[in-house]
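# Survey of secondary and tertiary structure
What follows is the residue order along each chain.
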Amino acid sequence: MSFGETPITVIGNLTADPELKFTASGQALAKFTVASTPRTFDKDSGQWKDGTSTFFRCAAWRTLAEHVAGSLAKGSRVVLSGRIRQHDWQTPEGENRSMLAVEVDDIGASLRFTTVTVNGKQPRPAANDAWTTGPNPAASTVEAAGEPVNEPPF
């Protein structure tokens, strides 16, 4: 994240299936909207009441976009982190418009009300990674696509 960017964490539900597109250069882009609705407990009635929903238009890029489109659907409860971006444009009539959107850095299914099964092979850190006491914890070896890659852990 660059200096001066506005980070945000959103918890809510997808309002529709993610829309996966590809740019002219072949970059994957998933667009979707997350509705976040606060709930409060009304002591007088003894019931939970929904507040006003806030809708966040979101965009995920590259591999994350493909994972979002392949994993999430309308109604999925998610926790996402990203950065607020302002988009400005002009209508054909010459009117200036702008909107805020979230550029998603990471997203996952919320486990608050459900369970999920994670599929796919995750790379395992080498024995001397940053979480163990090895001769050089500043450099770890992680397998990526079957080939070892040396890179700092942070």
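Residues numbered from 1 in each chain as written. Predicted model: local features only at pLDDT ≥ 70, side-chain atom pairs only at ≥ 80, totals over all residues. Heavy atoms only, no water.

### Details of the overall build of the protein chain
The helix and strand tally for the protein chain stands at one helix and ten strands. Sequence-ordered secondary structure for the protein chain, helices as α and strands as β, is β-β-β-β-β-β-α-β-β-β-β. Residues counted as buried form 21% of the 154 residues belonging to the protein chain. Pairs at least 24 apart in sequence give 52% of the contacts found in the protein chain among residues at least 6 apart. (Helix = DSSP H or I, 4+ residues; strand = E, 2+ residues; numbered from the N terminus. Buried < 20%, exposed > 50% of the residue type's maximum accessible area, 1.4 Å probe, protein only. Contact = heavy atoms within 4.5 Å.)

### A look at the pattern of salt bridges
Following the criterion strictly, the structure yields nine salt bridges and no others. A salt bridge links R85 to E5; its shortest N-O distance comes to 2.6 Å. Of this pair, R85 sits in strand 7 (residues 77-90) while E5 sits in the segment before strand 1 (6-14), and the two are 80 residues apart along the sequence. Taken together, the shared-partner salt bridges in this structure form one network comprising E5, R83, R85, E103 and D105. (Salt bridge = Lys/Arg side-chain N within 4 Å of Asp/Glu carboxyl O.)

### What about the confidence of the model for the protein chain?
Of all residues in the protein chain, 77% have pLDDT values of 70 or greater, and the mean over the chain is 84. Below pLDDT 50 for its whole length, residues 134-145 participates in 32 contacts with residues either more than four positions away or in separate chains. (pLDDT = per-residue confidence, 0-100.)

### Some remarks on the pairing of strand 4 (residues 39-42)
Bridge count for strand 4 against strand 5 (residues 47-50) is four bridges, and the pairing is antiparallel. Considered in strand 5, the bridge of R39 is made with D50. Where strand 4 folds back onto strand 5 in an antiparallel hairpin, the turn is made up of four residues, including G46, whose phi is positive at roughly 75°. (Pairing = 2+ DSSP bridges.)

### Regarding unusual backbone geometry
One non-glycine residue, R62, adopts positive backbone phi at about 60°. Here R62 lies in helix 1 (residues 62-71).

### Quick look at the packing of aromatic side chains
Taken as a whole and judged by the stated rule, the model has one aromatic pair. Ring centres of F41 and W48 lie 5.4 Å apart, and the angle between their planes is 65°; this geometry places the pair in the edge-to-face category. Since its relative accessible area comes to 51%, W48 is described here as exposed. (Phe/Tyr/Trp six-rings, centres within 6.5 Å; stacked < 30°, edge-to-face > 60°.)

### Considering the environment of E103
If you trace the backbone, E103 turns up in strand 8 (residues 96-109). The class for E103 is partly exposed, based on a relative accessible area of 23%. It is 5.1 Å that separates the C-alpha atoms of E103 and A59, two residues lying 44 residues apart in sequence. Apart from residues no more than four positions distant in its own chain, E103 is found in contact with A59, W61, G82, R83 and R85. Within polar-contact distance, the side chain of E103 engages the side chain of R85 at 3.1 Å. (Polar contact = N/O pair within 3.5 Å; in protein donor to acceptor, adjacent residues only side chain to side chain.)

### Side note on a nonpolar patch on the surface
A cluster of nonpolar side chains, L111, V116 and V118, forms an exposed patch at the surface whose accessible area comes to about 300 Å². Locating V116 in the fold gives a position in the loop between strand 8 and strand 9 (140-144). For V116, a relative accessible area of 42% corresponds to the partly exposed category. (Patch = residues over 30% accessible without salt bridge, like charges linked within 9 Å, V, L, I, M, F, W, Y side chains within 5 Å. Areas by Shrake-Rupley, 256 points an atom, 1.4 Å probe, with all protein chains shown as cover.)

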